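For reference, the chains in residue letters:
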Amino acid sequence: MLCALCLATFIATSAHMTRGFQRWTFEAVRRHDASRLAIIAPPTALETASGQRMLAFPGLASGRAPVQVVDFVYTRCETVCSVLGIEFHQMQEQIRRSRSNVRLLSISVDPVRDGAAELARYGRRHRADAAHWTLARPESVAASTSLHDALGVIVIPDGFGGFVHNGALHVFDGQHRLRAIFDYSQWQEALNHAERLSSAGAP
Amino acid sequence: MTTIARRGAIVLLLAWFIPAARSAAEAHMGVHMVVHLPCIALLGGLVAGELPEWVLSAHARHDFLGTASLTFAAAVLSFWMIPVALDASLLWGGFSLAKYSTLLLSGVALRSAWRRAPPALLMFMLGNLAWMLATAGLLFQQAESRLCVSYLADQQEQTGSGLTAWGIVVGAIALGQVIAGARRRDAGAHVAPTAHASHAVEWSGSIFKPPSSACGPKARSAGRRRSAAPPAA
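In what follows, the accompanying structure is described.

Attention now moves to the interface of chain B and chain A. Counting from both sides, the interface comprises 23 residues of chain B and, opposite them, 21 residues of chain A. The contact between chain B and chain A buries some 1800 Å² in all, and 85% of this surface belongs to carbon and sulfur atoms. Here chain B is connected to chain A by 0 salt bridges. Between the two partners, chain B and chain A, sit 1 residue pair in polar contact (both at pLDDT 80 or more). Where the side of chain B that touches chain A is concerned, the elements lending two or more residues are helix H5 (67–79) and helix H6 (83–91) of chain B. Top element by residues in the side of chain B that touches chain A is H5(B). It accounts for 7 residues. Among the residues making up the side of chain B that touches chain A, the classes are represented as 16 nonpolar, 5 polar and 2 charged.

This is the structure in C-alpha cells:
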C-alpha cells in the first residue's frame, strides 16, 4: 500500500513537472506554458538608449499594445548578443518593408553596466531605428529580476565576466502575453509569427 | 561504524546546510549532483542509526520487506535527476526544501530497508538505480544543448561523467549483493536442509521487528535451535 502510494506520488509529480512526460527541461516547459498563454509579462520600468523612461508591458488598462519581439542582451557580449543584433536589424528591415505594426525590443540583462550610452553604442553598431526597435535597460536590478522571474528567463554568469541565459526571441501579443519563444536561428519564424498575430489582432 | 564516528560524520555532513556551503555546492552542477546530493542521502542514512527503536519498529511494521522504503528512495533519486526538477529546486524555495527533505528521508529509508530487504529485492532495486544513473549520465554527456538553465554546458558534461561513475559504483554494489546472496545459499546448502527454513524465519521475523533485533541474539538463537533439530526425513 505504502509502496503504491510512493509510486503514485512519484508518477503524478513527475507527470506534472514534465507536462505529461513530454518536456524534461525548464526551457521546454516554459515554451509549452507560453504556447498555452500561461506567462504574462509584468509592467516594467525601463530606460531607453535615448535616456527616456518608458513602461514596458503596461497592462490592459492602457489599451492594446503592438505585438512585440523581445530579446535579452548585454552590450559587452561579442558572441550571441552580437548575432542577435544582426538578426534584429534584419527583422527591422523586413518590418520596414512590410509596414507591419510589430515592434522590436532589446532589454539588457546587465542594468548596472549597460547605461544609455552603452545601449546607444550597441544600437548604432546594429543600425537600430528607434521607430521600430527600442533598446532599453530595466531601471533597477529589482525590476530586472522581477521581469526575469515572471518570464522564466534565467541569467547566469558565464565565468568570463559575461552572462548566459535561456531563450532567445520572445513574441508577446497586444495583451503582454508571451505567445512563443524561438531560438536564435529562427528569427524569420519569430517575425512571421509576430506579423500573423499583429494582422489577426491577437485575441 | 562506532557511535562517535557516526555522530562526527553527521556533524560534518550537516555543514552542507550552512547557507554559504550550500550555495557553493549548488553553484557547480557536478559538485551539486555528484557530491552534494549523495552526501545529503548519506546523512539520512547516518541519522537513521540515531533513531530510537520504536521509530524503526513502527517503520518496519508498515514496510513489508523494505519494498516501500526502496521504492521511495528510488523514486526520490530518479526525480531529482530530471533536469526541470533540479532547476526548480534551485529557483524556488519550496522545491529546494522538498529536495533536501526527500533526499534526507531517502537515506533514512535506504538504511532502514537495507537490513530487512531480501538480497534479490536489493539487487533488483540497486540494479535499476545503476542503470538509471548510467543512462542519465550518458544523456547529460551527449546532450548538445543545456539541459538545466541554471548551469553551464561544460558543467553538464562533467556531471554526466560523475553520474556514470555513480552508476558503476551502484552496479558494483548490486553485483556484490548477487555474490553475497549466492554465497549464503551455498553455505545454507552445506549445513542442513533446514538451514533454509532458519533464514526464512529470520527474514519473516525481521519484518515485524527493528533491524537490530532481527540480527540480534534472539534471531540467531532461534536459527541455531532450528538448525540443530534433526532434518526431516
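This brings us to the packing of aromatic side chains. Applying the stated criterion to the full structure yields 8 aromatic pairs over all chains. An angle of 45° between the planes, with centres 4.8 Å apart, marks the rings of Phe57(A) and Phe172(A) as tilted. Note that Phe57(A) is positioned in the loop between strand S2 (53–56) and strand S3 (68–73) and Phe172(A) in strand S8 (residues 169–172), a separation of 115 residues in sequence. What makes Phe172(A) buried here is its relative accessible area of 0%. A centroid spacing of 4.8 Å and a plane angle of 80° characterise the contact between Phe79(B) and Trp80(B), whose relative ring orientation is edge-to-face.

Here Ala60(B) shows up in helix H4 (residues 53–61). Sequence-wise, Ala60(B) and Glu157(B) are 97 residues apart; in three dimensions their C-alpha atoms are separated by 40 Å.

Before going further, it helps to spend a moment on the nonpolar core. One finds Phe57(A), Val69(A), Phe72(A), Met91(A), Leu151(A), Leu169(A) and Val171(A) to be the most contacted residues of the largest nonpolar core, which totals 44 residues. Excluding residues within four positions of it along the chain, Phe72(A) makes contact with Leu84(A), Ile107(A), Val109(A), Leu147(A), His148(A), Leu151(A), Val153(A), His165(A), Ala168(A) and His170(A). Residues Met81(B), Ala85(B), Leu86(B) and Cys148(B) belong to the second largest nonpolar core, which totals 34 residues.

What follows deals with the packing of H5(B) against helix H8 (residues 119–142) of chain B. Residues and elements named next belong to chain B. In contact at an axis separation of 11 Å, H5 and H8 are set at 5° when each is read in the N-to-C sense. Put simply, H5 runs roughly parallel to H8. Two secondary-structure elements touch here, H5 through Thr-67, Leu-70, Thr-71, Ala-74, Leu-77 and Ser-78 and H8 through Leu-121, Leu-122, Met-125, Leu-129 and Met-132. Of the residues in the contact of H5 with H8, the class split is 8 nonpolar, 3 polar and no charged.

So, how was this worked out
Residues numbered from 1 in each chain as written. Chains lettered and ligands numbered in written order. Predicted model: local features only at pLDDT ≥ 70, side-chain atom pairs only at ≥ 80, totals over all residues. Heavy atoms only, no water. Contact = heavy atoms within 4.5 Å. Buried area = accessible area lost by both parts, 1.4 Å probe. Salt bridge = Lys/Arg side-chain N within 4 Å of Asp/Glu carboxyl O. Polar contact = N/O pair within 3.5 Å; in protein donor to acceptor, adjacent residues only side chain to side chain. Helix = DSSP H or I, 4+ residues; strand = E, 2+ residues; numbered from the N terminus. Nonpolar A, V, L, I, M, F, W, Y, C, P; charged D, E, K, R; others polar. Phe/Tyr/Trp six-rings, centres within 6.5 Å; stacked < 30°, edge-to-face > 60°. Buried < 20%, exposed > 50% of the residue type's maximum accessible area, 1.4 Å probe, protein only. Core = buried A, V, L, I, M, F, W, Y, C linked by side-chain atoms within 4.5 Å. Axes fitted to C-alpha atoms, helices over the stretch in contact; angles between N-to-C directions. Parallel < 35°, antiparallel > 145°, perpendicular 65-115°, else oblique.

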